[in-house]
Amino acid sequence: MRKTIFVSCLLLFAFAFTSRAVAQDEPKPVDAAKAAEPVHYYHLELVVQELGTDGKPTNSRTYTTTVSTDNRGSASIRTGSKIPFVTGSTSSLENNVQYQYQDVGVKIDAQRAHEIGHQLSLDLSADITNVADSSDSRLHLPVLRQNKWQAVVLILVGKPTVVFTSDALDSKGSMQLAVTATPVQ
């Protein structure tokens, strides 16, 4: 009886181990179409524009980077400053003032670029933060203005495309981000 139980358990164990080993050895199917796609590179020109009430640019900044269609890489642009502001003091002495720093500037990320006909699709995010002019003299802390966008966008290759736009927070104007994608030869 003990031998029968032992042999049954041994066979059950062997069967379970064999089925797992077979399942692990099965190759995963490879998408042949995806593996055969050629990798292309694109030069991106990103233009941040502040527009007046008349819709004409009052300030413009240009950033450039390169992306590829291989879906492994991403492009990041970071430019800015750290603005200090007083958060308190440990005593009445001037040199014991405590500060915190806030990042202001431009952060742009482009990921997952791929071609759709004569267009380039990519996951684009932009964060533009600046210090606003304060008209209140009683206010001793900086006022920060922020425009933040994120979306999957479709850009016509070779043509500037406005991908994001929003009203300015401190005026009747607006802010926009335009992208031009040019193939790298």
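Note that the structure is predicted; figures quoted are calculated from it, not measured.

Each value, and the rule that gives it
Residues numbered from 1 in each chain as written. Predicted model: local features only at pLDDT ≥ 70, side-chain atom pairs only at ≥ 80, totals over all residues. Heavy atoms only, no water. Pairing = 2+ DSSP bridges. Helix = DSSP H or I, 4+ residues; strand = E, 2+ residues; numbered from the N terminus. Axes fitted to C-alpha atoms, helices over the stretch in contact; angles between N-to-C directions. Phe/Tyr/Trp six-rings, centres within 6.5 Å; stacked < 30°, edge-to-face > 60°. Buried < 20%, exposed > 50% of the residue type's maximum accessible area, 1.4 Å probe, protein only. Patch = residues over 30% accessible without salt bridge, like charges linked within 9 Å, V, L, I, M, F, W, Y side chains within 5 Å. Areas by Shrake-Rupley, 256 points an atom, 1.4 Å probe, with all protein chains shown as cover. Salt bridge = Lys/Arg side-chain N within 4 Å of Asp/Glu carboxyl O. Contact = heavy atoms within 4.5 Å.

### As for the sheet that holds strand E2 (residues 57–68)
- Taken together, the four strands give an open sheet; going across it, the order is E2-E1-E8-E7, and neighbouring strands pair in antiparallel fashion. Whereas interior strands pair on both sides, the edge strands pair on one side only; in this sheet they are E2 and strand E7 (161–167). For this sheet, the mean angle separating the axes of adjacent strands, direction not counted, is 15°.
- Bridge count between E7 and strand E8 (residues 174–183): six bridges; the pairing is antiparallel. When the bridges of E8 are listed, Ser166 appears paired with Met175.

### So, the packing of aromatic side chains
- A full pass over the atoms with the stated rule returns one aromatic pair.
- With centroids separated by 5.3 Å and ring planes inclined at 10°, the aromatic side chains of Trp149 and Phe164 adopt a geometry described as stacked. Pair noted here: Trp149 is in strand E6 (residues 143–156) and Phe164 is in strand E7, with a separation of 15 residues, a long-range link. Residues Trp149 and Phe164 agree in their burial class; the two are buried.

### Some remarks on a nonpolar patch on the surface
- Among the surface-exposed residues, Val39, Tyr41 and Val184 lie close enough to one another that they form a single nonpolar patch of about 260 Å² accessible area.
- Mapped onto the elements, Val39 comes out in the loop between helix H2 (32–36) and strand E1 (41–51).

### Overview of the sheet that holds strand E4 (residues 97–116)
- In spatial order, the strands read E3-E4-E5-E6; together these four strands make up an open sheet with antiparallel pairing. What marks the edges here is a single partner per strand, and that holds for strand E3 (74–89) and E6. For this sheet, the mean inter-axis angle between neighbouring strands, taken without regard to orientation, is 15°.
- Pairing analysis gives 15 bridges linking E3 to E4, with the strands arranged antiparallel. The residue bridging Ser74 from the neighbouring strand is Gln111, located in E4.

### Topic: the environment of Gly158
- Relative to the helices and strands, Gly158 resides in the loop between E6 and E7.
- Separated by 115 residues in the primary sequence, Gly158 and His43 have C-alpha atoms spaced 9.9 Å apart.
- Excluding its chain neighbours within four sequence positions, the residues that come into contact with Gly158 are Thr180 and Ala181.

### Focus on the pattern of salt bridges
- Counted under the stated rule, the structure contains four salt bridges.
- Ionic pairing is found between Arg112 and Asp123, a salt bridge with its closest N-O pair at 2.6 Å. Of this pair, Arg112 sits in strand E4 while Asp123 sits in strand E5 (residues 119–132); the two residues are eleven residues apart in sequence, bridging distant segments of the chain.
- Look at Arg112 and you get partly exposed, because its relative accessible area is 45%.

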